[in-house]
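Each chain, written out:
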Amino acid sequence: IDVGANCGYYTTLAASLVGPTGRIFAFEPSPIASQVIEEMIKDSNLQNVLLTKAAVGRATGNTSLFLPTTRNLHSPSILQSDPDFVPVPVPVVALDHFAPLEKVPKIKLVKIDVEGYEPDVLAGMERIVKEKRIENIICEFNSGWLKRNSITPAQLYERFINLGYQVRMQTMLEENVNRSDGEHWSL
């Protein structure tokens, strides 16, 4: 499962790894990025990828996705960051209630990279986590985005631990990543 598939790099990689009998579920709410993935699926004739043009969150519904206005940056978020970002209405699905996953007994990997919305994604898949159907999770921890969602990286980490996950590998902590507005982030 690729939550926050962006332009489909991990989706494509996963599709090649699982082979013709495996399935990839890609979720991307951005109309710009999801169009790129859709074209990639068609051009590559990928039969094992299901693209859902929606955000993943706590509950099924609708929300606003804030899209950047710059041509060289495409890092949209459900959480507002830049006042120039444009809100676009998008659907939201909770993985616990996503019908195509109901008959999937084991999920090898969930990748979550959703610009601070990671706690909401985790909340919306808590049932399938507790059913031990998800074996591995890769998740981005970005202090700047998470702060906008009123949670710290340490608190999100604890949520994963409390759900029974263990950290097997962690990338090096990058501290004091400076944004153009002077805000300091840790990744």
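In this text, all values refer to a predicted model and were calculated from it rather than measured experimentally.

Undergrad: Can you help me understand the sheet that holds strand β8 (residues 134-139) in this one?
TA: Paired through their backbone hydrogen bonds, the strands of a sheet run either parallel or antiparallel. In spatial order, the strands read β3-β2-β1-β7-β8; together these five strands make up an open sheet with parallel pairing. Single-partner strands in this sheet number two, and they are β3 (49-52) and β8. Bridge count between strand β7 (residues 107-112) and β8: five bridges; the pairing is parallel. The partner of Val110 across the bridge, within β8, is Ile137. In the packing of helix α1 (residues 9-18) onto the sheet, the strands contacted are β1 (2-3), β2 (24-27), β3 and β7, and the crossing angle to β2 comes to about 175 degrees.

Undergrad: How do you make sense of the packing of aromatic side chains when you look at a structure like this?
TA: One pair of aromatic rings is described through two measures. These are the centre distance and the angle between the planes. Tallied over the entire structure, the rule returns five aromatic pairs. Taking 5.1 Å as the distance between ring centres and 85 degrees as the angle between the ring planes, the aromatic pair formed by Tyr9 and Tyr10 counts as edge-to-face. Given the relative accessible area of 48%, Tyr10 is considered partly exposed. Seen in terms of ring centroids, Phe160 and Tyr165 are 6.4 Å apart; in terms of plane orientation they differ by 75 degrees. Their pairing is edge-to-face. With relative accessibility at 9%, the residue Phe160 sits in the buried group. One cation-aromatic arrangement involves Arg148 over Trp145; the distance from NZ or CZ to the ring centre is 5.5 Å.

Undergrad: How should I be thinking about the pairing of β2 in this particular structure?
TA: On any regular strand, side chains alternate: one points to one face of the sheet, the next to the other face. On β2, burial covers both faces: Ile24 and Ala26 on one face and Phe25 and Phe27 on the other are all buried. In this structure, β1 lies alongside β2, joined through two bridges in parallel fashion. Within β2, the position partnered with Val3 by the bridge is Phe27. Between the parallel elements β1 and β2, the chain passes through α1 in a crossover that is right-handed. Here four bridges tie β2 to β3, and the two strands are oriented parallel to one another. Residue pairing for β3: Phe27 is matched across the bridge by Thr52. Crossover β2 to β3 through helix α2 (residues 31-44) is right-handed.

Undergrad: Just checking my understanding: could you explain the sheet that holds strand β4 (residues 55-56) for this structure?
TA: The strand order β4-β6-β5 describes an open sheet built from three strands, whose pairing is mixed. Of all strands in the sheet, those with a lone pairing partner are β4 and β5 (61-67), marking the two edges. In the sheet, β4 pairs with strand β6 (residues 86-93) via two bridges, with the strands oriented parallel. Paired with Ala55 across the two strands is Val92, which belongs to β6.

Undergrad: Please clarify how the nonpolar core should be interpreted in this entry.
TA: Nonpolar side chains in soluble globular proteins tend to be buried together. Counting 38 residues, the largest nonpolar core has Val3 and Met125 as its most contacted members. Tallying contributions element by element places β6 first for this core, with four residues. Listed in part, the nine residues of the second largest apolar core include Ala15, Ile24, Met40 and Val49.

Undergrad: Would you mind showing me how to read the pattern of salt bridges here?
TA: A side chain with one charge may pair with a side chain of the opposite charge, provided their charged atoms come close. Applying the stated rule across the entire model yields eight salt bridges. A salt bridge links Arg127 to Glu102, with the shortest nitrogen-to-oxygen separation between them at 3.3 Å. A residue pair is termed long-range when its members are at least 10 positions apart, and Arg127 in helix α4 (residues 126-130) and Glu102 in the loop between β6 and β7 qualify at 25 residues. Between Arg133 and Glu131 there is a salt bridge, with the nearest N and O atoms lying 3.0 Å from each other. Residue classification places Arg133 among the buried residues on the basis of a relative accessible area of 9%.

Undergrad: Just checking my understanding: could you explain α2 for this structure?
TA: Because an α-helix completes one turn every 3.6 residues, residues spaced three or four positions apart along the sequence face the same direction. With 14 residues, α2 extends 20 Å between its outermost C-alpha atoms, agreeing within 8% with the 20 Å of an ideal straight helix rising 1.5 Å per residue. Residues of α2 that are buried: Ala33, Ser34, Ile37, Met40 and Ile41. The arc that holds the buried residues of α2, viewed along the axis, is 120 degrees, so those residues lie on one side. For α2, the exposed residues set more than 90 degrees away from the buried face come down to Lys42 and Asp43. Taken together, the buried residues of α2 touch α1 and β3. Asn45 lies just past α2 and shows a positive phi near 55 degrees.

Cut-offs used in this document
Residues numbered from 1 in each chain as written. Predicted model: local features only at pLDDT ≥ 70, side-chain atom pairs only at ≥ 80, totals over all residues. Heavy atoms only, no water. Pairing = 2+ DSSP bridges. Helix = DSSP H or I, 4+ residues; strand = E, 2+ residues; numbered from the N terminus. Contact = heavy atoms within 4.5 Å. Axes fitted to C-alpha atoms, helices over the stretch in contact; angles between N-to-C directions. Phe/Tyr/Trp six-rings, centres within 6.5 Å; stacked < 30°, edge-to-face > 60°. Buried < 20%, exposed > 50% of the residue type's maximum accessible area, 1.4 Å probe, protein only. Lys NZ or Arg CZ within 6 Å of the ring centre and 35° of its normal. Right-handed = clockwise from strand over helix to strand, strands pointing away. Core = buried A, V, L, I, M, F, W, Y, C linked by side-chain atoms within 4.5 Å. Salt bridge = Lys/Arg side-chain N within 4 Å of Asp/Glu carboxyl O. Expected span 1.5 Å × (residues − 1). Arc of directions from axis to C-beta.

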